[in-house]
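Below, each chain spelled out in residue letters.
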Amino acid sequence: MIVIKTKEEIELMRESALLVSKTLGLIAKEIKPGVTTLYLDKIAEEYIRDHGAEPAFLGMYGFPNSLCMSPNTQVVHGIPNDIPLQEGDIISVDCGAYKNGFYGDHAYTFEVGEVDAATKKLLQVTKESLYEGIRATKVGNRVEDIGFAIQQYCESHGYGVVRELCGHGLGKKMHEDPEVPNYGKRGRGKKLVNGMVIAIEPMINMGTKNIIQHRDGWTITTADGKPSAHFEHDVAIVDGKPELLSTFAYIYDALGIISNEEEGLRQKTLVL
């Protein structure tokens, strides 16, 4: 059952989402060759707790850490470890926070030092596909219109769209209805209505769409050993249109990036 949120609940969810956004901004300052993902996990947990929230992933379904850290060929659900990041790596950082009774859930794939041109393009296209999906998140459309927009955009660039993993509803539970796949057919799936809040998260592979689940029960990698990218935003439907609850602005501020990609997708002014 899809849980519709009131405008007041959406504002509480915005607080949770923005705390995750700020945590990713903190992480952005620390990602560099030689840094371990366990160190990044530790500072993220401390930051979330210092701001009156709980790390959402820690202990959820038995996950051992606060961040999912997935480098290079790992798609999602990577477990932080003490292996230093290396020049040319990419790493998906997926973070969740529980505050005011609601979850925020938000991800970004970072470059570590200088990354090759082909991998840069994968990251760019994957992030652009996220916004293609967000723009399709409006009253009058259906869930698979979101996936259709993402799939068409990524496959037009020759990339593989992961099928086994998807976005989801978000609220008092981390994973609510509806599931939000990154592929689909226009006009199919549940209707999008005001008050829905969903996490949209394209997981896009440079090569095949196929993936491998590892024996640790968490780590997922591409079947062909090529890189994978992952970006995620929390989106509410307000007055018929998509309303971004999360932001990449804190990441961009940390990295000195200028972007207008979120323009027109937020009714409430974002104050950095």
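First things first, this report covers the structure right here in the doc. These numbers come from a predicted model, not from an experiment.

The next subject is unusual backbone geometry. It is generally the case that most residues other than glycine have a negative phi and that most peptide bonds are trans. For the bond from D177 to P178, the omega torsion is 0°, close enough to zero to count as cis. Topologically, P178 is positioned in strand β8 (residues 176–180). Phi at N72 takes a positive value of approximately 55°, unusual for a residue other than glycine. Within the secondary structure, N72 is located in the loop between β2 (67–71) and β3 (74–76). In this structure N72 comes out as partly exposed when scored by relative accessible area, which is 26%.

Moving on: the sheet that holds strand β13 (residues 228–230). A sheet is described by the order of its strands in space; here three strands give the open sequence β6-β10-β13, paired in antiparallel fashion. Edge positions in the open sheet fall to β6 (160–161) and β13, since each of these has one partner strand only. Sheet topology note: the β6/strand β10 (residues 203–205) ladder contains two bridges and is antiparallel. When the sheet's bridge partners are listed, V161 is paired in β10 with I204. Sheet contacts for helix α3 (residues 117–135): β10 and β13; angle to β13, the most-contacted strand, approximately 35°.

Across all of its chains, the model carries eight aromatic pairs by this definition. Ring geometry for Y98 against Y103: centres 4.6 Å apart, planes inclined by 45°, an arrangement best described as tilted. The class of Y98 is partly exposed, set by a relative accessible area of 32%. Exposure remark for Y103: the relative accessible area of 14% places this residue in the buried category. Summarising the aromatic geometry, the rings of Y108 and F231 are spaced 5.0 Å apart at their centres and angled 85° between planes, so their arrangement reads as edge-to-face. Here F231 lies in the loop between β13 and β14 (233–238) and Y108 lies in strand β5 (residues 102–111), a separation of 123 residues in the sequence. In terms of burial, Y108 and F231 fall into one category: buried. One aromatic cluster in this structure is built from Y108, F110, F231, F248 and Y252. Taking the ring centre of Y183 as reference, the NZ or CZ of R163 above it sits at 4.8 Å.

Let us look at the side chain of S70. Along the chain, S70 falls in strand β2. According to the relative accessible area criterion, S70 is buried, its value standing at 2%. Polar contacts involving the side chain of S70 include one to the main-chain amide nitrogen of H77, which spans 3.3 Å. A polar contact is formed between the side chain of S70 and the backbone nitrogen of G78, at a distance of 3.0 Å. In this structure, S70 is in contact with V75, V76, H77, G78, I90, I91 and S92, ignoring residues within four places of it in sequence.

We now examine the packing of α3 against helix α4 (residues 143–155). The N-to-C vectors of α3 and α4 enclose an angle of 150°; their axes lie 8 Å apart at closest approach. With respect to α4, the element α3 is oriented roughly antiparallel. Regarding α3 and α4, the two cross each other, and that crossing is right-handed. For the pair formed by α3 and α4, the contact residues are V125, E128, S129, E132 and G133 on the first element and I146, A149, I150, Y153 and C154 on the second.

A few words now on the pairing of β8. In this sheet, β8 lies alongside strand β7 (residues 167–169) in antiparallel orientation, the contact comprising three bridges. Its bridge partner lying in β8, G167 is registered against V180. Linking β7 back to β8 in an antiparallel pair, the connection comprises six residues.

This part covers the sheet that holds β3. For sheets, the rule is that strands pair by backbone hydrogen bonds, running either parallel or antiparallel. Across the sheet, three strands lie side by side as β3-β12-β11; this open sheet has antiparallel pairing. With one partner strand each, in any of the chains shown, β3 and β11 (211–213) form the two edges of the open sheet. Adjacent strand axes in the sheet meet at a mean angle of 40° when their direction is disregarded. Note that β3 and strand β12 (residues 220–222) share two bridges and pair antiparallel. Bridged to V76 within β12 is I220.

Rules behind the numbers
Residues numbered from 1 in each chain as written. Predicted model: local features only at pLDDT ≥ 70, side-chain atom pairs only at ≥ 80, totals over all residues. Heavy atoms only, no water. Helix = DSSP H or I, 4+ residues; strand = E, 2+ residues; numbered from the N terminus. Buried < 20%, exposed > 50% of the residue type's maximum accessible area, 1.4 Å probe, protein only. Pairing = 2+ DSSP bridges. Contact = heavy atoms within 4.5 Å. Axes fitted to C-alpha atoms, helices over the stretch in contact; angles between N-to-C directions. Phe/Tyr/Trp six-rings, centres within 6.5 Å; stacked < 30°, edge-to-face > 60°. Lys NZ or Arg CZ within 6 Å of the ring centre and 35° of its normal. Polar contact = N/O pair within 3.5 Å; in protein donor to acceptor, adjacent residues only side chain to side chain. Parallel < 35°, antiparallel > 145°, perpendicular 65-115°, else oblique. Left-handed = near helix turned anticlockwise from the far one by under 90°.

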